[in-house]
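Breakdown of the fold
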Amino acid sequence: MGGVVNRIVPAQATPFAVPLACFDGAVLFREELGGQASYVWSYPQILRHSGILDRISGMVVGVPEAIDGLGSPEGSWTLAELLLDVLGDRAIPVLGNAEIGHPGPNPPTPLGIRAALDTERRTLSLPERAVRAARGGDRGCTRRLNRAPKGRG
């Protein structure tokens, strides 16, 4: 479950929001693409206050791209410091600087399948096929993610 954080968070305040139950036990992957360092801190705070961070079982964080003021020589926080501040005492494994999303090789990151996160080995593995025949039981999670507003897709 995841994507560009400045798309995930605002979408949760719309009729197209992903139900909170879809985050139960999920590995949240997120990337930062453009913007200000202050958003890097505030968007995860919204995920925390909405209860999403209490439901996930792990997080994969992509390499930040074009974030003004993040980790600058003037002494601003790094992405890792900001996320650790937001996570607080939650025992959520986090794999950082993963090559997911826009920068880097951009490997596909499938939604709605099981994932295994090993922060010691720095690996994310997918123990089941990423493409399978349609079946019931996804709680509407992947269907909701792929639904575009009427007249736009």
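Residues numbered from 1 in each chain as written. Predicted model: local features only at pLDDT ≥ 70, side-chain atom pairs only at ≥ 80, totals over all residues. Heavy atoms only, no water.

With respect to the sheet that holds strand E1 (residues 2–4)
This is how it is decided: Here, a strand pair is defined by DSSP locating no fewer than two bridges between the strands. A run of H or I in DSSP counts as a helix once it spans at least four residues, and a run of E counts as a strand once it spans at least two, with each numbered from the N terminus. Lines fitted to C-alpha atoms define the axes here, with helix axes fitted over just the stretch in contact, and angles between the N-to-C directions of these axes take values from 0 to 180 degrees. The criterion used for residue contact is that any of the two residues' heavy atoms lie within 4.5 Å.
Reading across the sheet, the four strands line up as E1-E2-E4-E6 and stay open at both edges, with parallel pairing between neighbours. Every other strand in the sheet has two partners, leaving E1 and strand E6 (94–98) as the edge strands with one partner each. Each adjacent strand pair in this sheet contributes to an overall mean axis angle of 15°, direction not counted. Taken together, the three bridges between strand E4 (residues 58–62) and E6 define a ladder with parallel strand orientation. Looking at E6, one finds that valine 60 is bridged to leucine 95. Sheet strands touched by helix H3 (residues 79–87): strand E2 (27–31), E4 and E6. Its angle to E4, the strand with the most contacts, is close to 155°.

Overview of the nonpolar core
Note the following rule: By nonpolar core is meant a set of buried Ala, Val, Leu, Ile, Met, Phe, Trp, Tyr and Cys residues that side-chain atoms within 4.5 Å join together. Under the scheme applied here, a residue whose accessible area is under 20% of the maximum for its type counts as buried, over 50% as exposed, and between as partly exposed, the area being computed with a 1.4 Å probe on protein chains only.
Membership of the largest hydrophobic core comes to 25 residues, with the highest contact counts inside it found for Phe23, Leu47, Leu53, Ile56, Met59 and Leu70. Of all elements in the fold, only helix H1 (5–11), helix H2 (37–49), E4 and H3 reach the threshold of two or more residues within this core. Counting residues per element, this core draws most heavily on H3, which supplies five residues. When sequence neighbours within four positions are dropped, the list of residues in contact with leucine 47 reads Val5, Val9, Leu28, Ile52 and Leu53. The next biggest cluster of nonpolar side chains, apart from the first, holds six residues, and it includes Val60, Leu95, Ala98 and Ile100.

Focus on the environment of glutamate 128
Relative to the assigned elements, glutamate 128 resides in the loop between strand E8 (123–125) and helix H4 (141–145). Sequence-wise, glutamate 128 and isoleucine 113 are 15 residues apart; in three dimensions their C-alpha atoms are separated by 6.9 Å. Residue contacts for glutamate 128: discarding those within four places in its chain leaves Ile113 and Arg114.

Describing the packing of H2 against H3
Definition in use: An angle below 35 degrees is treated as roughly parallel, one above 145 as roughly antiparallel, one from 65 to 115 as roughly perpendicular, and anything else as oblique. Crossings are assigned a handedness: left-handed for a near helix turned anticlockwise from the far helix by less than a right angle, right-handed for a clockwise turn.
H3 packs onto H2 with a crossing angle of 25° between their chain directions and a minimal axis gap of 9 Å. The pairing of H2 with H3 is recorded here as roughly parallel in orientation. At the point where H2 passes H3, the crossing takes the right-handed sense. For the pair H2 and H3, contact is made by Ala37, Val40, Trp41, Pro44, Gln45 and Arg48 and by Leu79, Leu82, Leu83, Asp85 and Val86, respectively.

Considerations on the confidence of the model for the chain
Selection rule: Every residue gets a pLDDT, meaning the predictor's confidence in that residue, from 0 to 100.
Per-residue pLDDT for the chain has a mean of 80; in total, 83% of the residues score no lower than 70. Taken element by element, the predicted model of the chain shows its lowest mean pLDDT in H4 (56) and its highest in E4 (90).

Here's the deal with the pairing of E2
Convention followed: A crossover counts as right-handed when, viewed with the strands pointing away from the observer, the path leading from the first strand over the helix to the second turns clockwise.
With five of its five residues buried, E2 lies for the most part within the structure. Of the two faces of E2, the one holding Val27, Phe29 and Glu31 and the one holding Leu28 and Arg30 are both buried throughout. Sheet analysis places E1 next to E2, joined by three bridges and oriented parallel. By the bridge assignment for E2, valine 4 is matched with glutamate 31. One crossover worth recording links E1 to the parallel E2 by way of H1, and it is right-handed. Across four bridges, E2 lies against E4 in parallel orientation. Within the sheet, the bridge partner assigned to valine 27 lies in E4 and is glycine 58.

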